Amino acid sequence: MWRRAASLSPFISSSGSLIRNHQTAYNFKIWESFTTEIPTQVKGGKGPFICFVLGGPGSGKGTQCAKIVKNYGLTHLSAGELLRREIASNSEYGTTILNTIKEGKIVPSEVTVSLIQKEMESSDSKKFLIDGFPRSEENRAAFERIMGAEPDIVLFFDCPEEEMVNRVLNRNEGRVDDNIDTVRKRLQVFKALNLPVINYYARRGKLYTVIFFF
Ligand SMILES: Nc1ncnc2c1ncn2[C@@H]1O[C@H](COP(=O)(O)OP(=O)(O)O)[C@@H](O)[C@H]1O
Ligand SMILES: O=c1ccn([C@@H]2O[C@H](COP(=O)(O)OP(=O)(O)O)[C@@H](O)[C@H]2O)c(=O)[nH]1
Ligand SMILES: [Mg+2]
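Residues numbered from 1 in each chain as written. Chains lettered and ligands numbered in written order. Predicted model: local features only at pLDDT ≥ 70, side-chain atom pairs only at ≥ 80, totals over all residues. Heavy atoms only, no water.

Near ligand 2 there are 18 residues, and of these K61, R84, K105, V107 and R186 occur at the shortest range. One of the backbone N or O atoms of V107 is found 2.7 Å from an oxygen atom in ligand 2. Within the backbone of G132, an N or O atom sits 3.4 Å from an oxygen atom of ligand 2. A total of four residues in the shell around ligand 2 trace back to one element, the largest contributor, which is helix 5 (residues 79-88). Of the residues belonging to the shell around ligand 2, the class tally is seven nonpolar, three polar and eight charged. (Near = heavy atom within 4 Å. Polar contact = N/O pair within 3.5 Å; in protein donor to acceptor, adjacent residues only side chain to side chain. Helix = DSSP H or I, 4+ residues; strand = E, 2+ residues; numbered from the N terminus. Nonpolar A, V, L, I, M, F, W, Y, C, P; charged D, E, K, R; others polar.)

Next up, the structure:
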């Protein structure tokens, strides 16, 4: 028990996050998923292990994904980063993506799924952390339809709104959407469109929530 608890430590930040046990009996299954080959065996070798990482803007998705990668060696795909890369490369969708991000809205599913698909198919990795996607039920359905796959598990960073706003406004990465007006819009979109996806995975028994505490 101690050994397992200790294995959680890389994931717990100094300012305090903790895994909430939705499924007590399988509480630590998530860590076994990260550290062993069990997931691919369970799936009969049919596809890679997929973990979606969800949470509001500034909830810590990217920060924690970096820790998971360092400690457990999964491949991190940030949907937001893929979209920002697309803008920077002046692709045909660049202007549409930029305007959507500035408005705090959601980029058409086909665009995002095709970027994720390209990354997954060009990688040798068998375990992916997909960060910041799906952001709506429509995103989720498009991923399932196009990729023919579902996530094995879903992590949700449940952070108070005030803390998320403070973090985003102090992020200093020069992002066009890290300003108070866009953050307010992103929070609305998160509540209206992303929470239903999170609830969907909770009902499917796939959700692991990381709660914030002071
Ligand atoms: N546990 C934490 N305590 C304090 N600040 C944090 C914590 N996790 C992340 N941050 C900071 O908050 C900001 C947003 O974090 P980030 O990982 O980019 O969130 P997200 O990807 O969910 O938007 C960053 O500046 C990051 O350094
Ligand atoms: O699947 C996605 C991921 C991101 N975005 C857009 O990209 C922005 C930034 O996303 P990111 O995940 O980088 O933001 P974070 O939540 O990490 O602050 C979002 O507000 C959306 O406008 C999107 O449309 N679909
Ligand atoms: Mg992020």
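Now that the structure has been shown, we can carry on.
A separate point is the packing of helix 7 (residues 109-121) against helix 8 (residues 137-147). One can describe the packing of helix 7 onto helix 8 by two numbers: an axis separation of 9 Å at closest approach and a directional angle of 45 degrees. If you check the angle between helix 7 and helix 8, you find them oblique. Crossing handedness for the pair helix 7 and helix 8: right-handed. Where helix 7 approaches helix 8, its residues S109, E110, V113, I116, Q117 and M120 are matched on the opposing element by E138, N139, A142, F143, R145, I146 and M147. Taken together, the residues of the contact of helix 7 with helix 8 sort by class into seven nonpolar, three polar and three charged. (Axes fitted to C-alpha atoms, helices over the stretch in contact; angles between N-to-C directions. Parallel < 35°, antiparallel > 145°, perpendicular 65-115°, else oblique. Left-handed = near helix turned anticlockwise from the far one by under 90°. Contact = heavy atoms within 4.5 Å.)

In terms of nonpolar packing, the biggest core is built from 28 residues, with F52, I116, I130, F133 and F143 touching the most fellow members. Only strand 2 (49-55), helix 5, helix 6 (94-102), helix 7, strand 4 (127-131), helix 8, strand 5 (153-158) and helix 10 (180-203) provide two or more residues apiece to this core. In contact with F133, other than residues within four places in its own chain, are F52, V53, L54, A79, T112, V113, I116, N139 and F143. (Core = buried A, V, L, I, M, F, W, Y, C linked by side-chain atoms within 4.5 Å. Buried < 20%, exposed > 50% of the residue type's maximum accessible area, 1.4 Å probe, protein only.)

Scanning all chains against the criterion turns up 15 salt bridges. For E137, the salt bridge is made with R140, and the minimal N-O distance between the two is 3.0 Å. Highlighted residues: E137 and R140, both in helix 8, separated by three residues, approximately one helical turn. Judged by its relative accessible area of 31%, E137 is partly exposed. Taking the relative accessible area as the measure of exposure, R140 reaches 10% and is therefore buried. Across the pair E150 and R204 runs a salt bridge, and its minimum N-O distance is 3.1 Å. Of this pair, E150 sits in the loop between helix 8 and strand 5 while R204 sits in the loop between helix 10 and strand 6 (207-212); the two residues are 54 residues apart in sequence, bridging distant segments of the chain. On the basis of relative accessibility, which here comes to 27%, the residue E150 falls in the partly exposed class. Exposure remark for R204: the relative accessible area of 38% places this residue in the partly exposed category. (Salt bridge = Lys/Arg side-chain N within 4 Å of Asp/Glu carboxyl O.)

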